[in-house]
Every structure is written in C-alpha cells, then in structure tokens.
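Coordinate analysis (summary)
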Amino acid sequence: MEKNLVIVESPAKARTIAKALGENFTVTSSFGHIRDLSKKKLGIDPDKGFTPEYVIPPDKKDLIKNLTKAAEEASLIWLASDEDREGEAIAWHLKETLNIPDEKTRRIAFHEITKDAILEAIENPRDIDMNLVMAQQARRVLDRLVGYKVSPILWKKVKPRLSAGRVQSVAVRLVVEREREIMKFQSTSSFRVEGLFTCPERNTDPFKAELNRRLNTDKEAEDFLNGCIGAEYSVTNVEKKQGRKCPAPPFTTSTLQQEASRKLGFSVGQTMSVAQRLYESGRITYMRTDSTQLSKTALASAKKIITNTYGAEYGKTRQYTARSKGAQEAHEAIRPTFMDLAKVEGNVAEKKLYDLIWKRTLASQMADALVDKTQISINKGKSADIFTATGEVIVFDGFLKVYRESSDDEPEKTSAKPAEILPPLESGDKLEAGQIKAVQRFTQSPFRYTEASLVKKMEELGIGRPSTYAPIISTILQRQYVIKGDRPAKTRKYLELVLQDNQVIRRENTEKYGEERGKLFPEDIGILVNDYLMEYFSSIVDYNFTAKVEEDFDRIASGRLVWNKMLEEFYRPFSKTLDQALETSRPGNGERYLGIDPVSGKPVSVRLGRFGAMAQLGESDDPEKRYAGLGKGQLLESITLEEALQLFKLPREMGLYQDSPVLVSKGRFGPYVKWQGKYVSLGKSDDPYSVTLERCVALIEQAREQETKKHILEFPEEDIRVLKGRYGPYISHAKKNYRIPKGTDPESLTLEDCRKIIQKKDND
DNA sequence: CAGTGAGCGAGCTTCCGCTTGACTT
C-alpha cells in the first residue's frame, strides 16, 4: 500500500487535514521555517554571490530527525505549506533538508480547509516554484544584511545591544515623527455658533442648527450674537438624500488587532495569543492572514444564519478584495470555523474576541444600512450667514443590527452630532430663534499611535507581515526606542457666549482634554537612533524602501530578475554607506542649552549621558556643577528650563523626625524618602517637589510597621530569617532567598527545618 | 535597589518571517 506523508506548517492545521484525508495519509507539520541563517554570524558572503549558509536551529533538530525518518518511510511526500513566498521556501527547504528525491515530491496548496478543497489539491500537484523560492531568499538575505550590518554600527557609535532593521526602524521613525508633529503643534481656537430654532406656524419642537462658518475671536462672536438680536430667520432649502452604509470586510490580522484594541482594550500581543488559543481549539480559522476572503462554505452558512435569524432581506453575500499593499492572501480571512456557533466556552478574553469575530463575519454578509439624511438651511435675515441643521434617520438597519466598526479618531466631545430626526419643514417657513450660543473650540494635535494604529500604518506602507506585527511592537518596546504610556487629562478654560432674551451673556468654563491611555511615546534613545539613521541610512528608513524592494522580489518571482543580481545592485551602494558611516559618522547626544538659572546664574543644559538623559547645572569645568536625571515622560527635545530647574530642587531636606534628618529625593526607581539610612518609596500620587514632612513621616511609620510584620521568624546567629514577601513567605539567608515547601506553616519552622531547605536548594 | 556621569577593555549584542511551547520571579 502507498504511504503518503503530508507536511503543513501548523500542527492545528495538520489535525484538521488529517481528518479530511483519512487513513492513507499521515499529516504532520514543520512548525514554520525549518532552516535559517545562523544567529551568530552573517551567514552570507557578499563577495561570493550572496549564497546563504543555512543551518538548522538547535530546537528544530529533533523535529528534522523525525521528519526525515517519516519521509524515508513514505512513498510520496506532499509539501503543503502555504502558497506564498515564505510557504514556497518552506517547501523547498523541506525537500532539501529531508533529502526528498524529485520523484517522491509533490507540491500542493490548500486554498481553504474543506474536504473538497483538500481533495482537489491532491488531484493537482505541481513542482516547487524555484523563482518564488529565490524571491524569498532575496528577502531573507536583504533583511539579514540590513539588520546585521547596521546594528553593529549602532553598538559602536551609540550603545550596545541596539538594533536596526528594514521594518523596526521605520516603525520607530513613525512614532518619532508623530511626536515631533505634536511638539510643533500650536492649538488655535475659534467659535462655533449653534442655535435652537422652532417653527411656530408648524408648532415644532426646538431643533439645533449650526452656523456654516467659525468666528475667529470672542469679539467677532459677540458682534455676531448682537447682530442676531431681532433678526428674522427662514428656511431657504430642505434637502433630502438617501445614504448607504456598508459593512466592514471580515477580519485580517491587522484589522482584528485594531478592533480588539479599540473595543476590548487588548494589546496586539494579547489579541494574537487569545486568537491562537481559539485557533488551536478549532473555533476560528488561521489568525495570521492578510486576506478578507471567505470560503464558499462560510458564505453559505452565514447566509443561512442571517436568513433564519433576521430574514432574507438582511442578507447580502459579498466577497471583499484585498485592501492592503503587498497582501499575499495565502489564507482566508479570520472567521469562526463554524458560523452557527454564536458563543464559545473559554475565559472572558476568548469569549469576547470570538464574539467580535463572529459578529464582524456575519455583518460582512449582511445588507447595507439605509439612512435618510435631511439638511435644512436657514437664512439669517438678509445676511450671507446660513445655519444648517442636519438629521439622520436609519430607515433600514441592515448589518448595523449586528456590528458597527469603531474608529481611531477620538471625536471632539462637544462637536455637533447629527440629530436623529428633524421636524418636517419647507422652504419659506419662518423660524424663531431660541438660545444662540458661540462656544470656543480648539484644534486638536495629531494623535499619538497606539500599538494597533501603528500596525495599521505599517500595513498601509506595506511594511511587516501579519506574523510579525506583534513581535515588531515588542522589539521596539524592548529596545526602549518607544514606551507605552498614559498622560493625564489637562484642563483649559474656554469661553461661551450665549444670546438669550436679547442679551449676550459671557461665561468662562473649564474643560478637560488630551487624556491619553496606552499610547506610544518615543524615548530619547529612540529619537537619537532615528535621527542618526535618517542622516546616514536614509534609504533604509525611507517609507518606500520596502515597497521598492517588494517590486524587485516580484520580478524575481516571475523570473524577470535574478535574485543575487538584485542583491548586488542593493549592496554596492549600501556597503559604501556602511563604510562611510563607520568612518565619519557621529551621532548626536541630544544636547540642548536651555538657559541660565536665575538663582545661581549658571547655565543649564541637557544631554544623553551614560545612564540616560540628564540635566547639568554649571559649566563642565565648574567644580560645583550638578547633575540630575530627567524624569519619566520628559524628553531632551522638549524639556523646558523651568522643568529642568525643578529637577535640581532635589534632594530636599525636609527637617527632623525623632532627631534624624528626613530627605526626599529621586532615584533610579522613582521618588523616595530617606531616613536613618532607610529608603521608602513615595506613593503614586505624591509629588517629591511638594510633599510635606508630615506625609513623609506617615510613609516612614507605615514602612516601619510593615518591616515588623515582614519578619516572621529570626535566627540571627546563623543569618537566617523567615520573611513575608510579595509572593508569600520565604527564607532569607546570606543574601539569597529560598522557597518554603507547599503546605508548610512558616511560623512553625524550626532552625533545623530552615537549614534543610537551604541545603537542599544549594545542592541543586 | 537608592544620587553614578571617566575608564583597563573580555565577550556579547543584531535582522524578518514562518510556527509553537516551556518557563516562574
């Protein structure tokens, strides 16, 4: 009997395919790529045609042994990795590494994981497409050259352990440039005028209408309102239009990450690991995809559910085409495996994410929503000023019954929302104005990126792949190029001028604005590295670099370009750039002179030092010069003289407590109080610059109390203590910690017990 | 863990894309 071995990339996929193929096929998986360039060295010789030296990573050795054995025993090996560049390369590496002869090799691809599709694939095997494989090889080698040639330059010129790459460096650039836009941004204000109108003849309720222009100053606003006194208003035009809203396409990796971020507050990493669990338990299709396509079976079952639940008029079968640049569409969109399963078992996160996927998929197959839009234009006397009232009524909800996509733009809270319904008015109707008010509004600075909106931007630029979006975010966070953080809301005053009973009243109100949560902020080192790369490696951090090389990869894939010729073309100028950077480049240290300290008359400057960003008070040759580290959220580029001077107010001598001095200062781990040689961290809401002695004493007392509670047992003669820590009780001895075995009551431990525990662990 | 800021100079750091586990402090 024939023995067939099918190799796919993912074990979960292998399980489903095994079921469809039956007993004559053994289905196994490669767990992604099986060979790669060595991590330790470059693995490419640019002088010898760029031929890569592939190695099997240590953690794949066992797998390869098993696969080789299985391949030897089989009579036919079906290489069923994905039908894209990376998948084709995996098929080729498998054939090479497992030593599979041509006559035993069959290359197939499944377009959807259904029995019919799988059997059809088996009927139509082909050869490995070497052009596509070489396109992948060119991609791999190029990324290695960029990453492993530029990073060491950063180690030498800036700081060890830094990194640069075709994708990550552009991600950092986006964050840095957005921050600079925000720094540069100057808010301006104008006055938005809104009136309440009624039509006495038709006995209507009051409705809102907005003036079609903004007024620049409060004077202008006041004049305008005064001009409204006694004015006559009439309807000049009523326009009715029917609009449509169509559903969003089914999820890809990046749109799932965006929606899970906006609606569920998940990080992109969180979304991926929850999705992975749903995938492994067979609830959803593959979660790393750039395709919005749905399988025929999925389309059919969605239609059935919609018809049964909402009626046939709610259904509209549609297939969406790829929106993103460079999409390779090796998989389906992310959808429930079984559409008729509306809810899944699992933890809260799994349930919520599944619900989101289910609704989005279903909605994508539903009818457009129909909206009646009405716009009423209102004349103010004979002036050119026009007020406009807009109304929007949903006449058929369609897909909105199930799902509504959210947006990244945080709408200005007070801006006019369209009214649900407007009174039936006709051109020529006379209106009466009730209250008219002019409210000061401010322009908003650009938004900082969230993890998910950065992914969206990268996808738009064609940079990165579904499998790398989450890891890229972790990398730039890990390198401390960017940091994820919050900013509290700020308050500002705004003016409101109200015309009521023929009088203009002026009010000053306050409002909160600009609160940010979970946003990406650049760090000083990220800014510095970005500026360095922009100066010496501008072609690499060019937003179009990836798109340009992708064109070449496509030409390689279609046989119009030879892979190492392309690399040759790239490398010749690139190696010159490298040499130049090594020889001549000097990265900045972010140094800025901020001004003179009015108290001491000494100059204040900031720069990046060995231990991070710092401020310096006094010239470098001043023996009494002082240093202070910059605080959290402060950047070299934007810190002001006032803020820097503030830093030198620490340490503060607070006074005496029980005859010992109390000191407040800031260290590596944040602000602290020091008293009698002991350190106590300040609370989250305490400000080291304004905290009082009283509060410090309270903190000291609290810490003292905890200290006494912390000690459960003491055997000082042998330097053994039983302490209570963050993770429960433990034994401390000679500056090392030891766990207490489960089920042991820490208070009943004897000195002998402790010795045993210590000895046991030290012997391990 | 707790205020550093110059420097002997070993040996190490690093990319992007495929894919899952194996680990507790």
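What counts as what
- Residues numbered from 1 in each chain as written.
- Chains lettered and ligands numbered in written order.
- Predicted model: local features only at pLDDT ≥ 70, side-chain atom pairs only at ≥ 80, totals over all residues.
- Heavy atoms only, no water.
- Axes fitted to C-alpha atoms, helices over the stretch in contact; angles between N-to-C directions.
- Helix = DSSP H or I, 4+ residues; strand = E, 2+ residues; numbered from the N terminus.
- Parallel < 35°, antiparallel > 145°, perpendicular 65-115°, else oblique.
- Left-handed = near helix turned anticlockwise from the far one by under 90°.
- Contact = heavy atoms within 4.5 Å.
- Pairing = 2+ DSSP bridges.
- Near = heavy atom within 4 Å.
- Polar contact = N/O pair within 3.5 Å; in protein donor to acceptor, adjacent residues only side chain to side chain.
- Nonpolar A, V, L, I, M, F, W, Y, C, P; charged D, E, K, R; others polar.
- Buried < 20%, exposed > 50% of the residue type's maximum accessible area, 1.4 Å probe, protein only.
- Arc of directions from axis to C-beta.
- Phe/Tyr/Trp six-rings, centres within 6.5 Å; stacked < 30°, edge-to-face > 60°.
- Lys NZ or Arg CZ within 6 Å of the ring centre and 35° of its normal.
- Core = buried A, V, L, I, M, F, W, Y, C linked by side-chain atoms within 4.5 Å.
- Domains from an automatic or database assignment.

**Observations regarding the packing of helix H8 (residues 253-264) against helix H9 (residues 268-280)**
- Two numbers describe how H8 lies on H9: the axes approach to 9 Å, and their chain directions differ by 115°. In this view, H8 runs roughly perpendicular relative to H9, as classed from their interaxial angle. As H8 packs across H9, the resulting crossing turns out to be right-handed. Residue-level inspection shows Thr-253, Leu-256, Gln-257 and Ala-260 of H8 in contact with H9, the latter providing Val-268, Thr-271, Met-272 and Ala-275.

**A few points about the sheet that holds strand S22 (residues 660-667)**
- Pairing is antiparallel in the open sheet, where four strands are placed in the order S21-S22-S23-S24. Both edges of this open sheet fall to strand S21 (652-657) and strand S24 (678-681), since each of them pairs with a single strand only. Pairwise comparison of adjacent strand axes, ignoring direction, gives a mean angle of 30° for this sheet.
- Packed onto the sheet, helix H19 (residues 693-710) meets S21, S22, strand S23 (670-675) and S24 and runs at close to 65° relative to S21.

**A look at the protein's contact with DNA strand B**
- In the vicinity of DNA strand B, 54 residues are found, and the nearest of them are Ser-10, His-33, Arg-161, Tyr-286 and Pro-651.
- Take the atoms of DNA strand B that sit within 4 Å of the protein: sugar and phosphate atoms are 50% of them.
- Note that a base nitrogen of DNA strand B is positioned 3.0 Å from one of the side-chain N or O atoms of Arg-140.
- Within the contact set of DNA strand B, a base nitrogen lies 3.5 Å away from a side-chain nitrogen or oxygen of Tyr-148.
- Every element with two or more residues in the surface near DNA strand B is listed here: helix H5 (130-157), H9, strand S19 (612-617) and S24.
- No other element matches H5, which puts nine residues into the surface near DNA strand B.
- Tallied by class, residues from the surface near DNA strand B come to 20 nonpolar, 16 polar and 18 charged.

**Describing helix H7 (residues 218-228)**
- All buried positions along H7 are accounted for by Ala-221, Phe-224, Leu-225 and Cys-228. Buried residues along H7 cover an arc of 95° about the axis, so they all sit on one side.
- A positive backbone phi angle near 75° is found at Gly-230, which sits one or two residues after H7.

**Comments concerning the packing of aromatic side chains**
- Inspection of the entire model under this criterion finds 17 aromatic pairs.
- Where Phe-224 meets Phe-387, the ring centres are 6.4 Å apart and the plane angle is 50°; that geometry is what we call tilted. Here Phe-224 is found in helix H7, whereas its partner Phe-387 is found in strand S11 (residues 386-396), with 163 residues between them in sequence.
- On the basis of relative accessible area, Phe-224 is assigned to the buried category, the value being 6%.
- Aromatic side chains Phe-545 and Phe-570 sit 6.1 Å apart centroid to centroid with 40° between the ring planes, which places their arrangement in the tilted category. Taken together, the residues Phe-545 in helix H16 (residues 545-557) and Phe-570 in helix H17 (residues 563-584) connect sequence positions 25 residues apart. Phe-570 shares its class with Phe-545; the two are buried.
- Among the aromatic residues, those joined into a cluster by ring pairs are Phe-50, Phe-537, Phe-545, Phe-570, Tyr-571 and Phe-574.
- The cationic tip of Arg-173 hangs over the ring face of Tyr-543; the distance from NZ or CZ to the ring centre is 3.9 Å.
- The ring of Tyr-403 carries the charged tip of Lys-263 above its face, separated from the ring centre by 4.1 Å.

**What to know about helix H13 (residues 469-478)**
- Where H13 is concerned, the buried positions are Tyr-469, Ala-470, Ile-472, Ile-473, Thr-475 and Ile-476.
- Looking at the packing, one finds that the buried side of H13 touches helix H6 (168-184), H8, H9, helix H12 (451-460) and strand S13 (482-487).
- At the C-terminal side of H13, Gln-480 shows a positive phi close to 60°.

**A short note on unusual backbone geometry**
- Unlike most non-glycine residues, Arg-161 shows phi in positive territory, near 70°.
- With respect to the helices, strands and loops of the structure, Arg-161 is situated in the loop between H5 and H6.
- For Gln-480, which is not a glycine, the phi torsion comes out positive at approximately 60°.
- Along the chain, Gln-480 turns up in the loop between H13 and S13.

**Side note on the nonpolar core**
- The biggest cluster of nonpolar side chains holds 114 residues, and the ones touching the most others in it are Leu-353, Leu-454 and Phe-537.
- Each of domain 1 (4-128) and domain 2 (253-367) contributes no fewer than three residues to this core.
- With near-sequence residues (within four places) excluded, Phe-537 lies in contact with Val-150, Ile-153, Tyr-532, Phe-574, Thr-577, Leu-578 and Ala-581.
- Judged by nonpolar contacts, the second largest core, of 30 residues, contains Leu-594, Val-604, Ala-613 and Leu-641.

**Some details on the pairing of strand S15 (residues 503-513)**
- Alignment of strand S14 (residues 490-500) against S15, held across 11 bridges, turns out to be antiparallel. If you follow Leu-499 over to S15, its bridge partner there is Val-504.
- If you look at the hairpin formed by S14 and S15, you'll find two residues sitting between the two strands, and Asp-501 has a positive phi there, around 50°.

**Thoughts on the environment of Ser-427**
- One can find Ser-427 in the loop between S11 and strand S12 (430-442).
- Ser-427 sits in the exposed class, given a relative accessible area of 52%.
- Here Thr-236 takes part through its backbone oxygen, which lies 2.9 Å from a polar atom of the side chain of Ser-427.

What is shown is where atoms sit, not what they do.
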